[in-house]
Each structure stands twice: as C-alpha cells, then as structure tokens.
Amino acid sequence: MSDNKLTLLTDFYELTMMQGYYKKGMTETVVFDAFYRENPSQSGYAICCGLQPVIDYIKNLRFSEADIAYLASLKIFDAEFLDYLKDFRFTGDIYAIPEGSVMFPREPMIK
C-alpha cells in the first residue's frame, strides 16, 4: 500500500484533538506514544522490528486532497483547519526502541 493511503489510519481522537489545538492557537510540543496492548503470540515479550518504514512514513506524512475531502464530508472539521492540513508536515523528533530490542505490551515503541 502506498504511503499516501495511510494518513487516515489513525485514532479519530488524534484528528479531533489536533483541530482543538489548532482552534485554540496552541503551538506547544505534544507527545504521542505508539504501543500495543497484548502480544499476538500470547508470549511475554516481542522483538522490535520494521522501524525504518514507520519513521519514513511519519517524516513524509501528508494529507491528500482525498483525505481532506473525506474529513470535510464528516462535517466535524472547520474549513480553516482543513486548509491547514493541506500543508501539514511533521516537524518533531522521533524516539524509538532500537531495532531488535526486546519489548513488552503497553510500553511505548515510538514517541
């Protein structure tokens, strides 16, 4: 699947919270954690792998015209916020568990 088809595969909460920050003019740095709740194999741990594609995706995150049209169709997001999303680019730092590390449920893999 191409990267431009993944942007809306996020918790809807993240998008509504983003609009709330935007409407309030909040420009502070925010931190989001990615984690998983349970090991799929029911074992006690997992091994971190596949980090580079995730980092590449985040660094190149864009909202396509189709993404913005879909969000507009929900009638939840303001036009001004949707215009902001047209030029949105990730500008933060990424911290992650190193590739090949042992990891456990509910601990952040990426911040």
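Residues numbered from 1 in each chain as written. Predicted model: local features only at pLDDT ≥ 70, side-chain atom pairs only at ≥ 80, totals over all residues. Heavy atoms only, no water.

Side note on the overall build of the chain
Applied cut-off: Counting from the N terminus, the helices are the DSSP runs of H or I reaching at least four residues and the strands are the DSSP runs of E reaching at least two. Here's how the labels work: a residue is buried when its accessible area is under 20% of the maximum for its type, exposed when over 50%, partly exposed in between, all with a 1.4 Å probe on protein chains only. In what follows, residue pairs with any heavy atoms lying within 4.5 Å of each other are defined as contacts.
Helix and strand counts for the chain come out as four helices and two strands. Counting helices and strands in the order they occur from the N terminus, the chain gives α-β-α-α-α-β. Expressed as lengths along the three principal axes of its C-alpha atoms, the size of the chain is roughly 45 × 30 × 25 Å. Burial analysis of the chain (111 residues in total) assigns 23% to the buried set. Of the contacts made within the chain by residues no fewer than 6 positions apart, 76% connect residues no fewer than 24 positions apart.

Observations concerning the nonpolar core
Note the following rule: Definition used in this section: a nonpolar core is a set of buried Ala, Val, Leu, Ile, Met, Phe, Trp, Tyr and Cys residues joined via side-chain atoms within 4.5 Å.
Counting 13 residues, the largest nonpolar core has Phe63, Leu71, Phe77, Leu82 and Leu85 as the members making the most contacts within it. Secondary structure elements with two or more residues in this core: helix H1 (12-23), helix H2 (51-59), helix H3 (65-73) and helix H4 (79-86). No other element matches the three residues that H4 contributes to this core.

Some words on the side chain of Gln19
Inspection of the secondary structure puts Gln19 in helix H1. When neighbours within four sequence positions are excluded, Gln19 is seen to be in contact with Ile76, Phe77, Asp78 and Phe81.

Some details on the confidence of the model for the chain
Short version of the rule: pLDDT is defined as a per-residue confidence score from the predictor, taking values between 0 and 100.
For the chain, per-residue confidence averages 89 on the pLDDT scale, and 96% of positions sit at 70 or higher. The spread of mean pLDDT over the elements of the chain runs between H2, the lowest at 88, and H4, the highest at 97.

Comments concerning H3
Stated precisely, the cut-off is as follows: It is the directions from the helix axis to the C-beta atoms that the arc portrays.
For H3, the full list of buried residues reads Asp67, Ile68 and Leu71. Angularly, the buried residues of H3 cover 95° about the axis, an arc narrow enough to put them on a single face. Facing away from the buried side of H3 by more than 90 degrees, the exposed set consists of Glu65 and Ala66. Just past H3, the residue Lys75 takes up positive phi, approximately 55°.

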